[in-house]
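Close look at the chain arrangement
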Amino acid sequence: MRNRTVFILIGFAFSLISKPLTAQVENTSLRGFPVVFYTEETSFAFGGLGIFTFDFQSNLNDGKPSQINFGAAYTLEKQLLLYFPYELYLKQNNWRLDGEIGYYRYTYKYYGIGRNTPESNEETYRVNFPRVQINALRKVSKSIYTGISYWYDRYDITTIQSGGLLDTNNPTGTSGGTHSGIGISSVYDNRDNIFYSTSGSYLELQGLIDQSWTGSDYDFFQLSLDVRTFHTNAYDQTLGFNFVSKFTGGNVPFQKLALLGGPKQMRGYLEGRYRDKVYLTTQAEYRVPIYKRFGVVAFASVGNVAPNLSDFPLTNLKWTLGPGLRYMIDKNRKVNIRLDAGFGPGVSGFVLTIGEAF
């Protein structure tokens, strides 16, 4: 019954998408570049990043292009990353479809649960999982979309460290399993450009539940809020603000707890360096065009995790700041390659990808 539920939900979501995707597309643009990197866990890795932008014929005059991002990497440790985030606008912007299709066979780090986990806790685990994320939203007013969401991950944890925290503490999710959640999403968006915003605001609210009847091996919920606003001065310099909150509850697998860090928030911290049931963060970024296709940014962020909202600390917040370099690979769409360097107390990290952090 559980597998049938999963297939029904996936089939229903794709039925919403399949007909519009047969429509003719125009104004196509494909950009990409190769990447090579090295980490202790992966050894050398080789791959590429790219973005395909286009307009459906029924959406030519509505100012919101569709996009399919793609990333792929293979490592000398036989690890594999394949992911295709997408954001599609159809039928005069009456439909907004976004999410991700991907497959990951990779090594991740784990430090335990909570905001005070020491660096000495560091261990690695290997996991394989496919991912399907679909948000199908219908326009209900000029700038508001609302609709249904479905997220699916199937974790197969192949290796954990003997005597490590996952082995000895056995947190929820150590045995792997299926995460299959459905819910509702609502988006308010009046930004001037979805790739490089200089004015307007964006707000996304999403709630998901994982239960046995949705095809999940775990019973828990996730609630997230993402708020962004942008202001540009007379010198074409843009100041952006971003607030993100994530709440989880129930029998939450450690992979689905709220994770601090990553390429978009708290840059400089490894994603998942700290994790718990509640995560709050805010960041600001100042963007300055400098010469032709080049630009620079400066950013700063603060945030933390907690077991519940009442225990969230108002002092001793974790923070990062740093510079960034931008190169515009598509001047018509204003799509940038982004290189950021984030620094915080005892942490640092670099991000190289396509598209802004927010």
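Before going further, it helps to spend a moment on the overall build of the protein. Along the backbone of the protein there are 2 helices and 18 strands. Over its C-alpha trace the protein gives a radius of gyration of 20 Å, about what one expects of a compact globule, namely 21 Å for 358 residues. If one aligns the C-alpha atoms of the protein with their principal axes, the spans along those axes are about 60 × 50 × 45 Å. By the burial criterion, 51% of the 358 residues in the protein qualify as buried.

Turning to empty space enclosed by the protein, a few remarks are in order. Leftover empty space is mapped by rolling, across the atoms, a probe with the size of a water molecule. Overall, the coordinates contain 1 cavity of 30 Å³ or more when judged by the stated rule. Quantified by volume, the largest cavity comes out at close to 30 Å³. Lining the largest cavity we find Trp 151, Asp 153, His 179, Ser 180, Gly 181, Asp 210, Gln 222 and Lys 256. Elements supplying a minimum of two residues to the lining of the largest cavity: β7 (144–159) and β8 (177–189). Taken together, the residues that form the lining of the largest cavity break down as 1 nonpolar, 4 polar and 3 charged.

The next subject is the packing of aromatic side chains. Overall, the coordinates contain 15 aromatic pairs when judged by the stated rule. Between Tyr 125 and Phe 254, the ring centres sit 5.4 Å apart and the planes meet at 75°, which makes this aromatic pair edge-to-face. One end of the pair, Tyr 125, is in strand β6 (residues 123–139); the other, Phe 254, is in the loop between β11 (238–250) and β12 (258–260), and 129 residues separate them in sequence. Note on Tyr 125: relative accessible area 6%, which makes it buried. Members of the aromatic cluster, connected to one another through ring pairs, are Tyr 106, Tyr 108, Tyr 110, Tyr 125 and Phe 254. Its end group placed over the ring of Tyr 111, Arg 273 keeps NZ or CZ at 4.0 Å from the ring centre. Above the plane of the ring of Tyr 274 lies Lys 318, whose end atom (NZ or CZ) is 4.1 Å from the centre.

Quick look at the side chain of Asn 242 now. With respect to the helices and strands, the residue Asn 242 is situated in strand β11. Given a relative accessible area of 3%, Asn 242 falls into the buried group. A distance of 2.9 Å separates polar atoms of two side chains, one belonging to Asn 242 and the other to Asp 226. Separated by 2.9 Å, the side chain of Asn 242 and the backbone oxygen of Val 227 make a polar contact. Each residue touching Asn 242, except ones within four places of it in the same chain, is listed here: Asp 226, Val 227, Arg 228, Gln 265, Thr 281, Thr 282, Gln 283 and Phe 358.

Considering the arrangement of structural elements, one finds Asn 316 in the loop between β15 (294–306) and β16 (318–330). Between the C-alpha atoms of Asn 316 and Ser 245, which are 71 residues apart in sequence, the distance is 18 Å.

Counted as a void, the second largest pocket has a volume near 240 Å³. Tyr 196, Asp 236, Pro 289, Lys 292 and Met 328 are, among the 18 residues lining the second largest pocket, the residues nearest its centre. Sorting the residues of the lining of the second largest pocket by element identifies β14 (278–291), β15 and β16 as the ones contributing at least two each. Among the elements that line the lining of the second largest pocket, the one with the most residues is β15, at 4 residues. Residues belonging to the lining of the second largest pocket are distributed by class as follows: 7 nonpolar, 4 polar and 7 charged.

For the rest of this paragraph, the subject is the environment of Phe 350. Take Phe 350: it is sitting in strand β18 (residues 347–354). In this structure Phe 350 comes out as exposed when scored by relative accessible area, which is 65%. Separated by 82 residues in sequence, Phe 350 and Gly 268 place their C-alpha atoms 6.6 Å apart. Sequence-distant contacts of Phe 350, defined by excluding residues within four places in its chain, comprise Asp 340 and Ala 341.

Moving on, we come to the pairing of strand β10 (residues 220–232). As paired elements, strand β9 (residues 200–210) and β10 share 11 bridges and run antiparallel to each other. Residue pairing for β10: Leu 205 is matched across the bridge by Leu 225. The pairing of β10 with β11 spans 13 bridges and is antiparallel. Bridge pairing in β11 links Phe 220 to Gly 250. What sits between the antiparallel neighbours β10 and β11 is a turn of 5 residues, in which Asp 236 has the positive phi angle 65°.

Definitions and cut-offs
- Residues numbered from 1 in each chain as written.
- Predicted model: local features only at pLDDT ≥ 70, side-chain atom pairs only at ≥ 80, totals over all residues.
- Heavy atoms only, no water.
- Helix = DSSP H or I, 4+ residues; strand = E, 2+ residues; numbered from the N terminus.
- Rg over C-alpha atoms; globule rule 2.2 N^0.38 Å.
- Buried < 20%, exposed > 50% of the residue type's maximum accessible area, 1.4 Å probe, protein only.
- 1 Å grid on protein atoms, 1.4 Å probe; cavity = no way out; pocket = protein on both sides within 12 Å on 5 of 7 lines; lining within 4 Å.
- Points joined across faces, edges and corners; volume = space filled by probe spheres on them.
- Nonpolar A, V, L, I, M, F, W, Y, C, P; charged D, E, K, R; others polar.
- Phe/Tyr/Trp six-rings, centres within 6.5 Å; stacked < 30°, edge-to-face > 60°.
- Lys NZ or Arg CZ within 6 Å of the ring centre and 35° of its normal.
- Polar contact = N/O pair within 3.5 Å; in protein donor to acceptor, adjacent residues only side chain to side chain.
- Contact = heavy atoms within 4.5 Å.
- Pairing = 2+ DSSP bridges.

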